[in-house]
Amino acid sequence: MIKITKKEMCCACSACAKICPVGCISMKEDEEGFLYPSVDEARCVHCGKCESVCPILRVDRGEPETEGLKPEPEALGGWHRDEKVREASSSGGAFTLLADLILEKGGVVFGAALVDLTVRHIAVTDREGLEALRGSKYVQSEVGDSYSQVKEYLEQGREVLFSGTPCQTAGLRTFLGKEYENLYLVDFICHGVPSPKVFREYIKSVEKKENAEVVDFRFRMKDKGWHPSGLQLGTNTTLSNGKEIRKYPAMKDSYMNAFLENLDLRPSCYECRFKQVPKWGADITIADFWGVTKAVPELNDKKGTSLVLLNTEKGSRLFDAGKTEFHFRETDWQTATKKNPTLVRPAKRPSLRDRFFPELEQLGYDKVAKKHLSFGTTFVRKSFGIVSGKLRQKKLMRCVKVLAAAAGAVAVWCFFRRGKKN
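A. Main features of the sheet that holds strand β12 (residues 306–312). In space, the eight strands of this open sheet follow the order β5-β4-β6-β7-β11-β12-β3-β13, with mixed pairing throughout. On the outer flanks of this sheet lie β5 (118–124) and β13 (326–331), each paired with one strand and no other. Going across the sheet, the axis of each strand differs from the next one's by a mean of 30°, ignoring polarity. In the sheet, strand β3 (residues 69–80) pairs with β12 via six bridges, with the strands oriented antiparallel. Its bridge partner lying in β12, glycine 77 is registered against leucine 307. This element, helix α5 (residues 94–103), spans β3, β4 (108–115), β5, β6 (160–163), β7 (183–188), β11 (284–288), β12 and β13 of the sheet and lies at about 155° to β6. Strands in contact with helix α12 (residues 313–322) are β3, β6, β7, β11, β12 and β13; relative to β12, the strand with the most contacts, it is inclined by about 135°.

So this is what it looks like as structure tokens:
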């Protein structure tokens, strides 16, 4: 029976709920707005399937899926040659390139979409539907029944591409229990997943201030250009009265500040088990190529550049099938990911995280946003962090120099002492 005694041990992939043969596990939201499995113990038959498919437990047991993995990923950067696709994408349109290859064969693509202002995984079977899956959504998505749907399509012989966070693709892989040649798993370099509850409270706050309903929300806009820093990419809110609210740069949006400061991430994100290379949970990993300026400077034209990591031979075959539609250059994966540290390192849990959710409950979103998430507050906090890091680095270097000098002095003393004895 699956039991969550420590919240850092659950990523809400929902594999345990979907594998249960008697349906006694349901996903329920906690006080922070994150889903966790809840077991009806009276119905449980103690088959152990829920524990066997948990991707976090699989990693902790030393049982990752390594079949077909390359020792190191192949890395490349670039963009979709169709300018309209590139413009509509968060970075360079790599996801659309891969998804189109599956759709052209009559396949199915799964990904996160904003449905009635809730982020959910859905299936699409045509290019028109693909529009909903494009773009970043900085909220943890509800997997729902997508794992079971994926299995049904696979058993029908249709090709399937499933895109999600590393824990979601890993969860699907363990849920299926075997390798499917017609399944392609695509994840992304994940910073962490914010709370759906915080997003709901944010939307309510906007609606109250504007006296109008929010009908659409874009987490990232690059109409003012794309830059390797990423911070300039702002949000866009569309209201029922036709008004649009543009927050630019991203740090002017309180919701994005909570995400950038790691304040509203799921507990498991701070101890993520999927920060590893090679990545066993996905055939292909995609991301913004934040390090493009140093890694492959000719690829930075400020319109958006994708980073693509090919983790398996299957992933390479899929990309090769569409590479003529992608302008790209190959690069070293370690150099390419220097500005994407969350590939191999979890988000750092800030001390303010312990107060953030209790204060949200007691004070409400507006007061918490004013207190912790304003542009000025975030700017000062980030600046202080950068300066502190530099000072710590300088202090460390001074210590190294002092130790080196001391070691040198000891060596000289020993040399002369040995000379006197001789």
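B. A look at the pattern of salt bridges. Applying the stated criterion across every chain, the model contains 29 salt bridges. Across the pair glutamate 32 and arginine 353 runs a salt bridge, and its minimum N-O distance is 3.0 Å. Here the residue glutamate 32 occupies a position in the loop between β1 (25–29) and β2 (35–39), and arginine 353 occupies one in helix α14 (residues 353–363), the gap between them amounting to 321 residues. For the pair shown, glutamate 32 and arginine 353 are each scored as buried. A salt bridge links aspartate 288 to arginine 220, with the nearest nitrogen and oxygen atoms 2.8 Å apart. Placement of the pair is aspartate 288 in strand β11 and arginine 220 in strand β8 (residues 214–221), with a sequence separation of 68 residues. This pair shows no difference in class: aspartate 288 is buried, exactly as arginine 220 is. Connected via shared salt-bridge partners are Lys7, Asp30 and Glu31.

C. Region of the structure containing empty space enclosed by the protein. Per the stated rule, a full pass over the model turns up seven cavities of 30 Å³ or more. By volume, the largest cavity amounts to about 150 Å³. If you trace the largest cavity, you find 18 residues lining it, with Cys167, Ser268, Cys269, Cys272 and Phe274 closest to the centre. Of the residues in the lining of the largest cavity, the class split is nine nonpolar, four polar and five charged.

D. Summary view of the pairing of β2. With five bridges joining them, β1 and β2 adopt antiparallel strand pairing. Pairing of serine 26 across the sheet is with serine 38, part of β2. Connecting β1 to the antiparallel partner β2 that follows it, the hairpin turn spans five residues, and glycine 33 within it adopts a positive phi of roughly 95°.

E. Focus on the packing of α14 against helix α15 (residues 365–372). Running from amino to carboxyl end, α14 crosses α15 at an angle of 135°, the nearest separation of the two axes being 7 Å. Between α14 and α15, the angle falls in the class oblique. Where α14 approaches α15, its residues Arg355, Phe356, Glu359, Leu360 and Leu363 are matched on the opposing element by Tyr365, Lys367, Val368, Lys371 and His372. Broken down by class, the residue content of the contact of α14 with α15 amounts to five nonpolar, one polar and four charged.

Cut-offs and rules
Residues numbered from 1 in each chain as written. Predicted model: local features only at pLDDT ≥ 70, side-chain atom pairs only at ≥ 80, totals over all residues. Heavy atoms only, no water. Pairing = 2+ DSSP bridges. Helix = DSSP H or I, 4+ residues; strand = E, 2+ residues; numbered from the N terminus. Axes fitted to C-alpha atoms, helices over the stretch in contact; angles between N-to-C directions. Contact = heavy atoms within 4.5 Å. Salt bridge = Lys/Arg side-chain N within 4 Å of Asp/Glu carboxyl O. Buried < 20%, exposed > 50% of the residue type's maximum accessible area, 1.4 Å probe, protein only. 1 Å grid on protein atoms, 1.4 Å probe; cavity = no way out; pocket = protein on both sides within 12 Å on 5 of 7 lines; lining within 4 Å. Points joined across faces, edges and corners; volume = space filled by probe spheres on them. Nonpolar A, V, L, I, M, F, W, Y, C, P; charged D, E, K, R; others polar. Parallel < 35°, antiparallel > 145°, perpendicular 65-115°, else oblique.

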